[in-house]
Each structure stands twice: as C-alpha cells, then as structure tokens.
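Structural characterization, general
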Amino acid sequence: MKPAPRLSLVGAGPGDPELITLKGIKALQSADVVLYDALANPDLLEYAPVTALKIFVGKRAGLHYRQQQEINKMIVGYAKTMGHVVRLKGGDPYVFGRGHEELEYAKMHGIPGTYVPGISSAIAVPGLAGIPLTKRGANESFMVITGTLKDGSISKDLKLAAQTSATVVILMGISKLPEIIRIFKEERGKRESIALVQNGSLPHEKTLIGNLGNILIKQEEARIEAPAIMVIGQVVAERLQPNHELKEAISHL
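**A short note on the packing of helix α2 (residues 68-82) against helix α3 (residues 99-108)**
One way to put it is that α2 packs onto α3 with a least axis distance of 9 Å and a crossing angle of 45°. Considering the angle they form, α2 stands oblique to α3. Crossing of α2 against α3: the hand is right-handed. On α3, the residues that touch Gln 68, Gln 69, Ile 71, Asn 72, Lys 73, Ile 75 and Val 76 of α2 are Glu 101, Glu 102, Tyr 105 and Ala 106. Split by residue class, the contact of α2 with α3 holds five nonpolar, three polar and three charged.

Here it is, written out as structure tokens:
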C-alpha cells in the first residue's frame with residue numbers, strides 16, 4: 001500500500017549535525033524522500049532510511065541549483081508518488097528560508113504539512129563564537145535582518161536598525177559589506193564593534209572581529225565568504241573566546 005502523501009519541513013540547524021532537534025531526526029527516520037539544501041549538513045542524511053531518495057536542491061549566494069518553483073513542484077510530485085517528503089533546510093525554515101511558501105504550496109495541492117523548528121544561525125552562530133546577543137547593560141533588544149533582497153538591493157530596514165542601540169544580526173549580507181558598513185558608521189560611529197562569522201558551528205569556522213572603522217581593511221586579508229553572518233553592536237566587545245581559540249593562543253605563548 002502506497003504511503004499517504006505528507007510534507008515535513010525540518011530545520012537542520014546552523015551546520016553542526018548534532019544541533020538538529022530530536023523531532024527532526026524522527027522525521028528523517030520515516031522519510032521516503034529527502035530534499036536537502038546546501039546549508040543542511042549532509043551527515044544528517046544518514047538518519048534517513050537507505051531506501052529513501054536523497055536529492056540535493058541547494059541554493060547559496062545566488063547560485064541556485066534548482067529554482068524555488070521547481071522545488072515546490074518536486075515536493076508535491078514526490079509526496080503524491082512516494083509518500084513522506086522531508087524538506088531539510090539549514091537553520092530554521094521560517095527565518096529567511098522560504099519554508100512557509102513551501103508549506104503553502106503543498107497545502108494548495110492537498111498535501112498536509114508539518115513544521116519542525118530548527119536552531120537558527122542568527123541565534124546560535126554568535127553564541128558559539130562567544131558573542132551573547134543580549135547582555136544586561138549592553139543592549140535591550142536584537143534584530144535579525146536579511147542583507148540582500150531578491151532584487152539584489154539591500155534592505156531599507158538596515159538604516160532603521162542602525163539608528164537604534166540594538167544588536168543587529170545580518171544574514172546573507174557579506175557581499176554587501178561596504179554598503180552596510182557605510183550605513184551603520186553614519187549612525188553609530190566607527191568605534192562600534194562588528195563580527196563576521198563564516199561556517200558557524202563547523203570545525204572550519206572563521207571569525208573576524210573588528211569595528212566599523214577597520215573591518216573592511218581586516219576583511220581584505222581575512223576574506224570571510226558566504227555562508228557568513230554579521231553581528232553589529234556593543235555585545236561583540238563582550239565576546240568570550242571559544243575554547244579552541246584559547247588553546248591555540250596558549251600554544252603560541
């Protein structure tokens with residue numbers, strides 16, 4: 001008997017395969033098809049049955065392996081022909097992940113869907129790099145903003161965010177770094193702290209710390225690339241060095 005069609009929209013977390021939820025693992029274990037993104041750690045595919053189809057549908061930094069409309073149609077097509085489709089997306093599917101669009105499309109075509117939250121890189125990556133998003137006396141709020149809109153421009157919300165004292169986390173903005181720095185420097189001055197974190201939560205993570213006055217010079221040497229996040233605010237100056245960085249620093253003494 002053919003399994004009933006259904007969709008599980010699963011957040012894979014920030015990259016480290018141990019940071020997926022138990023509910024996410026259970027969804028993978030019952031998958032007939034897994035459609036996975038570039039930011040979903042491929043090690044997670046080991047939780048899926050050997051018989052499950054595993055199909056890469058990744059999009060990263062403007063390089064779209066498959067367009068969104070095609071992915072939507074794949075979800076519906078595979079659900080109707082094979083049963084349980086797990087859409088495995090990096091971070092949390094509802095944080096700039098277009099996850100809600102996919103659930104809506106599935107529902108329009110009679111496919112029931114379930115949302116399984118994931119740990120967003122916007123929250124986890126700064127913390128794993130030693131940066132608290134909030135700290136008493138340093139800030140009262142934090143914002144998460146996309147750095148690049150679908151037409152390639154930058155969000156107008158960045159100007160508004162720069163006018164506050166909030167910690168600002170910017171996703172998908174590394175290619176717009178000079179423009180973003182200009183906006184924030186105008187509002188907060190060149191001494192405001194900033195961090196760039198590439199491949200957060202993974203063994204090859206790279207972190208660059210500076211201020212709005214020197215980060216572009218530092219970036220010329222460091223070459224932080226996508227996937228990366230940006231954190232701007234006083235909390236960056238509160239950073240605690242992760243253990244692996246402390247060990248490396250001690251070894252050079």
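**A short note on the environment of Val 168**
In this structure, Val 168 sits in strand β9 (residues 167-171). Residues Val 168 and Ile 194, 26 residues apart in the sequence, show an inter-C-alpha distance of 9.5 Å.

**Remarks on the nonpolar core**
Side chains of nonpolar character tend, in soluble globular proteins, to be buried together. Ile 170, Phe 184, Ile 194, Leu 196 and Met 230 are the most contacted members of the largest nonpolar core, which has 22 residues in total. Looking at this core, the elements that each hand over two or more residues are α5 (157-162), β9, α6 (177-188), β10 (193-198) and β12 (228-232). At five residues, the largest contribution of residues to this core is made by α6. Sequence-distant contacts of Met 230, that is, excluding residues within four places in its chain, are made with Val 168, Val 169, Ile 170, Gly 173, Ile 174, Leu 177, Ile 180, Ile 194, Ala 195 and Leu 196.

**Notes on the packing of α6 against helix α7 (residues 215-222)**
When two helices pack together, their arrangement is given by the angle between the helix axes and by the axis-to-axis distance. Remark: α6 packs on α7, axes separated minimally by 11 Å, with the N-to-C direction vectors making an angle of 160°. Here α6 is positioned roughly antiparallel relative to α7, judged by the angle of their axes. α7 is crossed by α6, and the crossing has right-handed handedness. Of α7, the residues touching α6 (which contributes Leu 177, Pro 178 and Ile 181) are Ile 215, Leu 216 and Gln 219. Partitioning the contact of α6 with α7 into residue classes produces five nonpolar, one polar and no charged.

**Observations concerning the sheet that holds strand β11 (residues 206-211)**
Sheets are built from strands paired through backbone hydrogen bonds, the pairs being either parallel or antiparallel. Taken in spatial order, the five strands of this open sheet run β8-β9-β12-β10-β11, and their pairing is mixed. Edge positions in the sheet fall to β8 (142-146) and β11, since each of these pairs with one other strand and no more. Adjacent strand axes in the sheet meet at a mean angle of 15°, parallel and antiparallel pairs treated alike. Those strands touched by helix α4 (residues 121-128) are β8, β9, β10 and β12, and its axis lies near 75° from that of β12. Against the sheet, α6 engages β9, β10 and β12, with an angle of about 10° to β12.

About the thresholds
- Residues numbered from 1 in each chain as written.
- Predicted model: local features only at pLDDT ≥ 70, side-chain atom pairs only at ≥ 80, totals over all residues.
- Heavy atoms only, no water.
- Axes fitted to C-alpha atoms, helices over the stretch in contact; angles between N-to-C directions.
- Helix = DSSP H or I, 4+ residues; strand = E, 2+ residues; numbered from the N terminus.
- Parallel < 35°, antiparallel > 145°, perpendicular 65-115°, else oblique.
- Left-handed = near helix turned anticlockwise from the far one by under 90°.
- Contact = heavy atoms within 4.5 Å.
- Nonpolar A, V, L, I, M, F, W, Y, C, P; charged D, E, K, R; others polar.
- Core = buried A, V, L, I, M, F, W, Y, C linked by side-chain atoms within 4.5 Å.
- Buried < 20%, exposed > 50% of the residue type's maximum accessible area, 1.4 Å probe, protein only.
- Pairing = 2+ DSSP bridges.

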